[in-house]
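Working through the structure, step by step
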Amino acid sequence: MSTEQRLASSDSSGSPDPTRSGEERTVRRTGWAALRPLVLRLHFYAGVLIAPFLLVAAVTGLLYACSFQAEKVAYAHELTAPAGTEKLPLSQQVADARKAHPEGKIAAVRPAPQPGDTTRVLLSDVPGVSDDHQLAVFVDPYTGNVRGALETYGSTGALPLRTWLDALHRDLHLGEGGRLYSELAASWLWVVAGGGLALWIGRKRKNRALRALALPDRTTTGRRRTLSWHGAVGLWAAVGLIFLSATGLTWSAYAGANIGDLREALGQATPTVSTAVTKSDAGHDGHGGSSGMAGMPDMPGMGGTKENPSSGSAPSDVGIDKVLRAARAQGLSDPVEVGLPTDEGTAYVVKQVQRSWPEKQDAIAVDPATGKVTDVSRFADHPVLAKLTRYGIDLHTGTLFGIANQIALAALALALIFLILWGYRMWWQRRPTRDRALSFGRPMPRGAWRQVPLPVLIPLVLAVGAMGWLVPVLGISLVAFLAVDIALGALARRRRVSATAGD
C-alpha cells in the first residue's frame, strides 16, 4: 500500500493506519496533520449534539427570511393608502389617530415615507399590549382616515406575523430561558462551519482543482457520495454561516453583553443623542405657553394638563410639525421616527430608521419649548465597530439589501438544513455492519489532543479559554462535552480492564 493510499484509508475511517511507518506517523503529528484528528472529533461531536439546535434555528430562520414579503401581503390594507396630492399636517394625522384610539400614550410617530404609504402613530402602555410592544395606528396621510391598528415590535417595526416568527427564531416563545437555545446554536455554528471547512480543504489538498473542491463527486456511492455533497455545499455556505454566527452573537443574552462591554471599553459603543433639556431652556419657569402640541387638541399622550393634571401650568410645546421641520433642516430625510418627550425635562428625538443600503441612522434632539436642535448624532461619525455592528445585524435580519438579502438568508438556511441531514446520514452510514438496525455511527478515536505539539497546544488552549470567556455558552458546553467524553473514556477503560481480568 502506497503512502497516498494509506492517507486515504485514514481519511475514510477516521483512524490512523497501523501499517504506516514511524516517519510517516511523525509527519502526521506536525502542522495540520496533528490538529486534524482533534478538529475531526470536535466537528463530529458538535455535529451530532448541537445539530438539533442548529436545525431548529435554520428552519425558523428560513421562515423569518420569508416573513418580510409575507408581511407586505398580509397587512397591505394597513400599510398602504391611495396616493393623493397633498399630505395633511403630521399633527392632524396624529389627532385623527387619537380620535380612533385614545388609549395609552403616544410614544412616537413615523410619517409616511413614500407616496402610497401610511403614517404610523405608535402608542405605548396600551391595555392588552405587552410592555415591549406598541400599538401602531395606521393613518392615511392624505385624508386622515385610520386604516387599522396592529401590534408592532422592534426598531424595524415588525407587525404580528413577523414578530411571532422573530420570537420563534429567537427563543421559541419560551421567554428569556428560551434564548439559550439560539445562543447555543450561534455559539457553535462558527465552530462547526469553520472546522468542516478546514477538514474539507485538508481532505482535498492533494487535488488542487477548484472543481474538485467546490462541486460534489457524482461518481462515488454510499457514504463517500454523502460526504461529497456535505463538503461541497458546506464549502459554499461556510463564510455565510460563520457570518450568521458572529452577528447572531452580537445581540445574544450573554455573549452579546460581553461584546457590548468590550466595544464600550474600546470606545466603540454606538452613540446616542442627549435628550436632557434644562428647565430654563424648556420654559418651565411658570411662564409656559400653550398646552399640548401646536395645532392639536390637548389629549392623553400629547403633553399638557390632561397628561399631568397636578403640574399646574402646562409646559409650552412647539408641536410635532415644527419639530419635523427642524429635522428636515438638519438633513434627516425619510424614513424618520419622531419620539415624543417622556417628561418635562426631555426633548423630542427625531431619528432616521432606514435599515436598507445606504443606511440612514442620523438623529437629533429638539427642545420642545423652543424648537431648537440641542444635540445631533451622525451615522457617518459613529465608531467603526458601531457601524460594522449595525451593518452586520441588518444583514443578518434581511433588511440591508432588501429582497436579495432575504433570498440569500433563505438559501443559507436551506443549505444548513441539508448539511445537517447529510451529516446525520453519514453518521448512520458509519455504523458497524453487524446489527445495523440497532447500531449507530462510531465517533472519532479519543486522545486526539495528545498528538498536538505543545507549541501549538498551549496557544490553542489559551485561545479557547479566551473565547469561552467571551462566548460563555460555548465555553460551558465545551467543558460539558469534555467532561462527558472523559467519563465515557474512563468507563470504557474500566470495562476493558474488567474484561481482561475476567479472561
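Rules of the game
Residues numbered from 1 in each chain as written. Predicted model: local features only at pLDDT ≥ 70, side-chain atom pairs only at ≥ 80, totals over all residues. Heavy atoms only, no water. Helix = DSSP H or I, 4+ residues; strand = E, 2+ residues; numbered from the N terminus. Buried < 20%, exposed > 50% of the residue type's maximum accessible area, 1.4 Å probe, protein only. Contact = heavy atoms within 4.5 Å. Areas by Shrake-Rupley, 256 points an atom, 1.4 Å probe, with all protein chains shown as cover. Pairing = 2+ DSSP bridges. Axes fitted to C-alpha atoms, helices over the stretch in contact; angles between N-to-C directions. Left-handed = near helix turned anticlockwise from the far one by under 90°. Nonpolar A, V, L, I, M, F, W, Y, C, P; charged D, E, K, R; others polar. Phe/Tyr/Trp six-rings, centres within 6.5 Å; stacked < 30°, edge-to-face > 60°. Core = buried A, V, L, I, M, F, W, Y, C linked by side-chain atoms within 4.5 Å.

**Focus on the overall build of the protein**
- Secondary structure assignment for the protein yields 16 helices and 8 strands.
- Taking all 503 residues of the protein together, the buried fraction comes to 45%.
- When contacts within the protein are restricted to residue pairs at least 6 apart in sequence, those whose partners lie at least 24 apart make up 61%.
- Surface summary for the protein: the accessible area is close to 25700 Å², and the carbon and sulfur share equals 63%.

**Looking at the pairing of strand β4 (residues 146-152)**
- Bridge count between strand β3 (residues 134-139) and β4: 6 bridges; the pairing is antiparallel. Along β4, the bridge assignment pairs glutamine 134 with threonine 152.

**Let's talk about the packing of helix α9 (residues 222-249) against helix α13 (residues 384-397)**
- It is the contact of α9 with α13, at a shortest axis distance of 9 Å, that shows an interaxial angle of 115°. For the pair α9 and α13, the crossing hand works out as left-handed. Seen from α9, the contacting residues are Phe243, Leu244, Thr247 and Gly248; seen from α13, they are Gly392, Leu395 and His396.
- A per-class count over the contact of α9 with α13 returns 3 nonpolar, 4 polar and no charged.

**A closer look at the packing of aromatic side chains**
- This model, assessed by the stated rule, comprises 9 aromatic pairs.
- Their ring planes at 40° and their centres at 5.3 Å tell us that tryptophan 188 and phenylalanine 481 sit as a pair that is tilted. With tryptophan 188 in helix α7 (residues 179-203) and phenylalanine 481 in helix α16 (residues 472-502), this pair connects stretches of sequence that are 293 residues apart. Here tryptophan 188 and phenylalanine 481 have matching classes, each one buried.

**As for the environment of glutamate 86**
- One can find glutamate 86 in the loop between α4 (76-79) and α5 (90-100).
- Taking the C-alpha atoms as reference points, glutamate 86 and threonine 143, separated by 57 residues in sequence, lie 9.3 Å from one another.

**Some details on unusual backbone geometry**
- The amide bond that connects aspartate 334 to the next residue, proline 335, takes the cis arrangement and shows omega of -5°.
- Topologically, proline 335 is positioned in the loop between α12 (320-329) and β5 (336-339).
- With omega at -5°, the peptide bond leading from tryptophan 357 into proline 358 counts as cis.
- Within the fold, proline 358 resides in the loop between β6 (348-352) and β7 (363-366).
- Positive phi, normally seen in glycine, also occurs at aspartate 125, with a value near 55°.
- Turning to its location among the elements, aspartate 125 is positioned in the loop between β2 (119-124) and β3.
- The class of aspartate 125 is exposed, set by a relative accessible area of 53%.
- For leucine 172, which is not glycine, the phi dihedral falls at a positive 55°.
- Examined against the element boundaries, leucine 172 turns out to sit in the loop between α6 (160-171) and α7.
- Here leucine 172 falls in the partly exposed class, since its relative accessible area comes to 29%.

**A look at the sheet that holds β2**
- Spatial strand order, β4-β3-β2-β1-β5-β6-β7-β8: 8 strands in an open sheet with antiparallel pairing. The strands lining the two open edges of the sheet, one partner per strand, are β4 and β8 (373-377). The mean angle between the axes of side-by-side strands here comes to 20°, regardless of whether they run parallel or antiparallel.
- In this sheet, β5 lies alongside strand β1 (residues 105-110) in antiparallel orientation, the contact comprising 2 bridges. Pairing of valine 109 across the sheet is with valine 338, part of β5.

**Let's talk about the pairing of β1**
- Pairing of β1 with β2 involves 5 bridges; the strand directions are antiparallel. Within β2, the position partnered with valine 109 by the bridge is valine 121.

**Overview of the nonpolar core**
- Residues Ile50, Leu54, Trp188, Leu189, Leu241 and Leu416 are the most contacted members of the largest nonpolar core, which totals 36 residues.
- Within the residue set of this core, elements represented by two or more residues are α3 (31-74), α7, α9, α14 (402-429) and α16.
- Among the elements that make up this core, the one with the highest residue count is α14 (10 residues).
- Excluding residues within four positions of it along the chain, leucine 416 makes contact with Leu54, Ala58, Leu189 and Leu241.
- Core analysis: the next-biggest nonpolar cluster, separate from the first, contains 26 residues, Ile106, Val318, Ala327 and Val366 among them.

Nothing here speaks to function; it is all geometry.
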